[in-house]
Amino acid sequence: MRKIRRWGPGLLLVSPSILLVAIFVYGLIGWNAKVSLSDWRQAQQTSGFDTSAYGELFPSGVGELGDYAGAVITGKQSDTLSTDPAWIIDLHHALLFTLAFVLGTLFIGATLAFLLDKGVKGEGFFRAIYLFPMAVSFIAAGVVWRWLMNPAPGDRSTGFNLLFDKLGIGFLANDWYLGPTWGAAALAIPAMWALSGYIMALYLAGFRGVPEELREAARMDGASEWRVYRHVVFPHLRPVTLAALIILGHISIKVFDLIVAIGGKQLITQTPAVYMWILIYDARDYAKGAAIATLLLIGISVLIIPYLVYTIRSERET
Amino acid sequence: MSSTSVAVDRTVGLRRRKQAQARVVKYAALLFAAVVVLLPVYVLLVASFKGAGEADPSRAWALPQAWTLDAWREAWNGDQYGLFPYLKNSLKLVIPATIISTIVGSLNGFVLSRWRFPGADLVFLFLLFGMFIPYQAVMIPLTQIFIDVDFPEGIPRLAFAHIVYGIPITTLIFRSYYATIPEDLIEAARMDRAGMLRTYWSVVLPISAPAFVVTAIWQFTSIWNDFLFAVFIVTDPASWPVTVALNNTTGSLVTPYNVQMAAALIASLPTLIVYILLGRYFMRGLMAGALKG
Amino acid sequence: MFGRLRRDRLGRLPRATVLAAGLVGIVVALALPAAGFGHQTKSSASCELSVFSWWTGGGEAAGLTKLIAIWNKTHPTCQFKNEAVAGGAGSNAKAVLAQRLAAGNPPDSFQGHAGSELRDYIKAGQIEPVDFIYKQFGFDKIMPKSLINQIRYKGKLYSVPVNIHRANVLWFNPKTLKQNGIAVPKTWAQFMVALQKADDAGLIPLAMAEQWTAQHLLETVMISTLGPKGWAALWAPNSASKWASKSVTTALNRYNAVLGYTNSDAASLTWQDAGKLVTDGKAAFNIMGDWQDGLFSGTKAGGNFALKPGKDYGWAPVPGTAGVYDWLSDSFTLPKGAEHRDQAIQWLAFLGSRLAQDTFNPVKGSIPARQDANPKLYGAYLKTALSDWKKDTLAGSLTHGVVAPAAWSTDIGTALGLYLQSKNVPKFQAALVAAAKKNAK
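What you see is a predicted model; the values in this text were computed from it and never measured. (Residues numbered from 1 in each chain as written. Chains lettered and ligands numbered in written order. Predicted model: local features only at pLDDT ≥ 70, side-chain atom pairs only at ≥ 80, totals over all residues.)

**Here's the deal with the overall build of chain B**
For step 1, the next point in the chain: In terms of helices and strands, chain B carries twelve helices and zero strands.
For step 2, the next point in the chain: In terms of overall size, chain B is more extended than a compact globule, its C-alpha atoms giving a radius of gyration of 26 Å where 293 residues would be expected to give roughly 19 Å.
For step 3, the next point in the chain: The dimensions of chain B, computed from C-alpha atoms along their principal axes, are 80 × 70 × 30 Å.
For step 4, the next point in the chain: Counting only residues that meet the buried cut, chain B has 56% of its 293 residues in that class.
For step 5, the next point in the chain: Partitioning the contacts of chain B with sequence separation of at least 6, the portion at a separation of at least 24 is 78%. (Helix = DSSP H or I, 4+ residues; strand = E, 2+ residues; numbered from the N terminus. Rg over C-alpha atoms; globule rule 2.2 N^0.38 Å. Buried ≥ 20, exposed ≤ 12 C-beta atoms within 10 Å, placed from the backbone. Contact = placed C-beta atoms within 7 Å.)

In structure tokens form, the structure reads like this:
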């Protein structure tokens, strides 16, 4: 009885949150999953069970798996696959975008934090500048970046291509988000611009959370500054990197406003999140839209569950 | 001068020079990064001071031929989509929603890290998973729930949605932060026969400022910049927050880019102010392990 | 590290402040509904009219404002709620609308393209037939019969058209053409010659913009090749075989050839950018709907180009489509369960009136659906459109929701997107046939 008195109040305090999340998150996920397995492919809501929505998104057998993976990785349309070709292209774009965005933002953020770590004059000034992009709405940022990444050739060039030309580095001019191979990675640039400051802040805190005594001790032992970083500081940053990976990964899969502001709903810049929108609100193919939502959710879970397990376990150990 | 002291002087001088070089390189890199980050902001600013015909993608870099505040005036007060009335709506939305969701997160984080109960970790996982749901897919049933229970229309619905969907991230931040509190502090309170709420009030809350600030900054930014929930949940145009009005500066025939960019800058100012004012606290909050996990 | 925190004065947040902030937050949040924020009381007794559209900018918004002004004068006690949401030809608006209709919370009237685009709403039972409005106010007598027939679904009418736009218009710059000795083409063969001449002269032969304008171009090419009857046959039930026909292959091959004359950065342009290429003398031709005229001739203050029709820009039917009006129409509906049904009916009756259509359309840059418009109110291009509307054969637009319901249009869009990447015509045709098999019901 005394035990319940100990933890009872705690459970009571979080119970509203549990209830709300149960209804508004899991209830809706359940609704979504149910729709994805229904035959609600047009405006009429019906109650039949139908896996055709998933059928269009997955390879039809183990035999197709190789083709499927190849098509997603290279982005080349395949003649033999039975899956929805738009979905393959979306996955390809999502892959490129996610890799570029996550790795790029991590690298830029970590580097900026590294540069600021030892303290520089005007650190507050630099920090505010790097953080500001996050304050600008993606809709507006998308319009500006569409201007900057304009692929117009020759004398019609504007944006960065024009700037490169004027600065004498015209060879850097390229097709940006219309580029056939790396276009989706170019779409990640505005997202990197927006989030690098926040990741920098995360890493900066991580750097500064390392007790100075540890660094001093290593220096006393004769380690060079670089080795101090490598063996003392960087291991401390693992949790920061994981947190950053999760934040960036989930933004990357859900990003919608930015993509639409730059490329509209065209196939050439389409991602799964955009396709989901088109299916639900334009084509009224609710089952397929819901199926994509479910797959996105599962995809993100694959990213986060290891992190969560790691977090909880490492807490138990301390 | 002995040879050793000369040698020492030389090494010291060498190290100082290397440090100076490193510092120059560091500043150069930081400045270069700052310039690159500010390039789009430059384009935004410059376009906002141009007249209706001038603000054009082909003239993105050029300074205005005729500087004018027309776009700013239109963006602030224009009869079509002047942002000013909508700014009030946004503030009425963001301030209560941020305050409530940070408090909820703080209480949750406290319980799940320091006043645990059997299954607390599972509950944490349960709450956290909610972060990753793609919202576009659930707008229809979400709005249906609001209608079915006849929830007060407009901003209250939107605030409620942000509070609920903010539970995962606010709980995460606070839980990570409170995990760094030494156990002896909590134990001391327990020894004094303090119950859960008294412990929270007297031990935990006083040192929570940095975490409150970190959470508040994240929530403020997300709620302020959200478009999806706002456009779906708030049906009465008079109650729209600023992001919907900003989006409406796009016409389907002509987009007045100068007005749109002035509006974007206006819309980003409150968040920027929040960043600057709380920036110092932000760093401390992070330092104390708020987001380290 | 914790020791540092304890001694840190910034950490000592006065608890009173936190408590106060928390109480304020809760009280404000709870008080908002009490203060009547967001109307709670659904007073169906009071007079109100909520109209949903995507007319948020330029001539459309201006035209709508004028209509609202007239409405307010004739209905002084009825508050007009302009629920316009912007976003790419209504894509945001349509999404919000879809959600509101699904949630049973419809506006009193909403905008939609007349024709098949409304089919999803009809099938879901979300809008009412409005035949009685046509009969009562004589719209069935004053709007073209072929128009009315083309928007009937299972014999009933479901919206009142406010305006008519034409999609098959070829825009050009007379000075550019004269300078390079290019004649305005009338047949397809002449068009290919003209395009080649422009290419040789270093111009962009045909300016094109993002994917939907490619679809727009496609429909004009198909209408040009198949003619209005062949075009209509593609959209009849069970028309898959028509899509597999040789004439469609010819049309697609022509399309393929024409695409070779477009600018490589098309996907990054808006339709306005493409139009500007023509007026700036960088491109020879552009095929776009006649909202291009509003952009070309409209005021500079409104963000338009303020050019002189006939001098700075010219127009002609897309080669091979003379005498065919590739039409689309913005129209308004009567949702089922509209809170203020009577006002909605009055709104629809008003929209179909000569006063409303002659007020809205000159400002918007389109022509009335009615055939009794006063030509004096309209600009140079629109005058020619008015006379063509009286005599041309009608062909419904694909890109703008007349002939194909949303799902079919999306499937065609996907097939087109894939084709634009691969430029494989047989595959494209096969995909179009498959789309027809799936959707032609």
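**A closer look at the interface of chain A and chain B**
For step 1, the next point in the chain: With 77 residues of chain A at the contact, the number on the chain B side is 70 residues.
For step 2, the next point in the chain: Among the elements that take part in the side of chain A that touches chain B, helix H1 (residues 2–36) of chain A stands out by supplying 16 residues, more than any other.
For step 3, the next point in the chain: Of the residues contributing to the side of chain A that touches chain B, the split by class is 58 nonpolar, 14 polar and five charged. (Nonpolar A, V, L, I, M, F, W, Y, C, P; charged D, E, K, R; others polar.)

**A look at the pairing of strand S8 (residues 283–288) of chain C**
A regular strand places its side chains on the two faces of the sheet in alternate fashion.
Residue and element names in this part refer to chain C.
For step 1, the next point in the chain: For S8, the buried fraction is high: six of the six residues fall into the buried class.
For step 2, the next point in the chain: As defined by bridge partners, strand S6 (residues 169–172) adjoins S8 across four bridges and the pair is classed as antiparallel. Opposite Trp 171, over in S8, you have Asn 286 as the bridge partner.
For step 3, the next point in the chain: Where strand S7 (residues 204–207) and S8 come together, three bridges link them in parallel fashion. Across the sheet, the residue bridging to Leu 206 is Phe 285, located in S8. (Pairing = 2+ DSSP bridges.)

**Remarks on the environment of Leu 258 of chain A**
All names here are of chain A.
For step 1, the next point in the chain: With respect to the secondary-structure elements, Leu 258 resides in helix H12 (residues 257–263).
For step 2, the next point in the chain: For Leu 258, a count of 21 C-beta atoms within 10 Å gives the class buried.
For step 3, the next point in the chain: Placed 117 residues apart in sequence, Leu 258 and Ala 141 show a C-alpha to C-alpha distance of 7.4 Å.
For step 4, the next point in the chain: Leaving out residues up to four positions away in the same chain, Leu 258 has contacts with Phe 138, Ala 141, Gly 142, Pro 190 and Ala 191.

**Digging into the confidence of the model for chain A**
For step 1, the next point in the chain: On average, residues of chain A score 85 in pLDDT, and 95% of them reach the 70 mark or higher.
For step 2, the next point in the chain: Per-element confidence in chain A ranges from a low mean pLDDT of 79 for helix H11 (residues 238–254) of chain A to a high of 92 for helix H4 (residues 85–117) of chain A. (pLDDT = per-residue confidence, 0-100.)

**Looking at the pairing of strand S3 (residues 109–113) of chain C**
All names here are of chain C.
For step 1, the next point in the chain: The buried count for S3 comes to five of five residues, which makes it a mostly enclosed element.
For step 2, the next point in the chain: Alignment of strand S1 (residues 48–53) against S3, held across two bridges, turns out to be parallel. Paired with Val 51 across the strands is Ser 109, a residue of S3.
For step 3, the next point in the chain: Here S3 runs beside strand S11 (residues 330–333); their pairing, made up of three bridges, is antiparallel.

**Looking at the environment of Ile 262 of chain A**
Residue and element names in this part refer to chain A.
For step 1, the next point in the chain: With respect to the secondary-structure elements, Ile 262 resides in helix H12.
For step 2, the next point in the chain: Ile 262 sits in the buried class, given 24 other C-beta atoms within 10 Å.
For step 3, the next point in the chain: Sequence-wise, Ile 262 and Ile 139 are 123 residues apart; in three dimensions their C-alpha atoms are separated by 8.7 Å.

**Concerning the packing of helix H3 (residues 84–114) of chain B against helix H9 (residues 209–225) of chain B**
All names here are of chain B.
For step 1, the next point in the chain: It is the contact of H3 with H9, at a shortest axis distance of 9 Å, that shows an interaxial angle of 140 degrees. When the axis of H3 is compared with that of H9, the two are oblique. The crossing of H3 and H9 is right-handed. Judged by residue contacts, Ser 90, Leu 93, Val 94, Ala 97, Thr 98, Ser 101, Thr 102, Gly 105 and Ser 106 of H3 engage Phe 212, Thr 215, Ala 216, Gln 219, Phe 220, Ile 223 and Trp 224 from H9.
For step 2, the next point in the chain: Among the residues making up the contact of H3 with H9, the classes are represented as eight nonpolar, eight polar and no charged. (Axes fitted to C-alpha atoms, helices over the stretch in contact; angles between N-to-C directions. Parallel < 35°, antiparallel > 145°, perpendicular 65-115°, else oblique. Left-handed = near helix turned anticlockwise from the far one by under 90°.)

**Points about the domain arrangement of chain B**
Residue and element names in this part refer to chain B.
For step 1, the next point in the chain: Split into domains, chain B comes out as domain 1 (3–69) and domain 2 (74–287).
For step 2, the next point in the chain: A C-alpha centroid distance of 34 Å is found between domain 1 and domain 2.
For step 3, the next point in the chain: Contacts between the two partners involve eight residues from domain 1, matched on the other side by seven residues from domain 2.
For step 4, the next point in the chain: A class-by-class count of the residues in the side of domain 1 that touches domain 2 yields five nonpolar, one polar and two charged. (Domains from an automatic or database assignment.)

**Quick word on unusual backbone geometry**
Residue and element names in this part refer to chain C.
For step 1, the next point in the chain: With a phi angle near 50 degrees, Lys 154 is a residue other than glycine that sits in the positive phi range.
For step 2, the next point in the chain: You can see Lys 154 is positioned in the loop between helix H8 (145–151) and strand S4 (159–161).
For step 3, the next point in the chain: Phi at Lys 423 takes a positive value of approximately 55 degrees, unusual for a residue other than glycine.
For step 4, the next point in the chain: Note that Lys 423 resides in the loop between helix H19 (406–422) and helix H20 (425–439).

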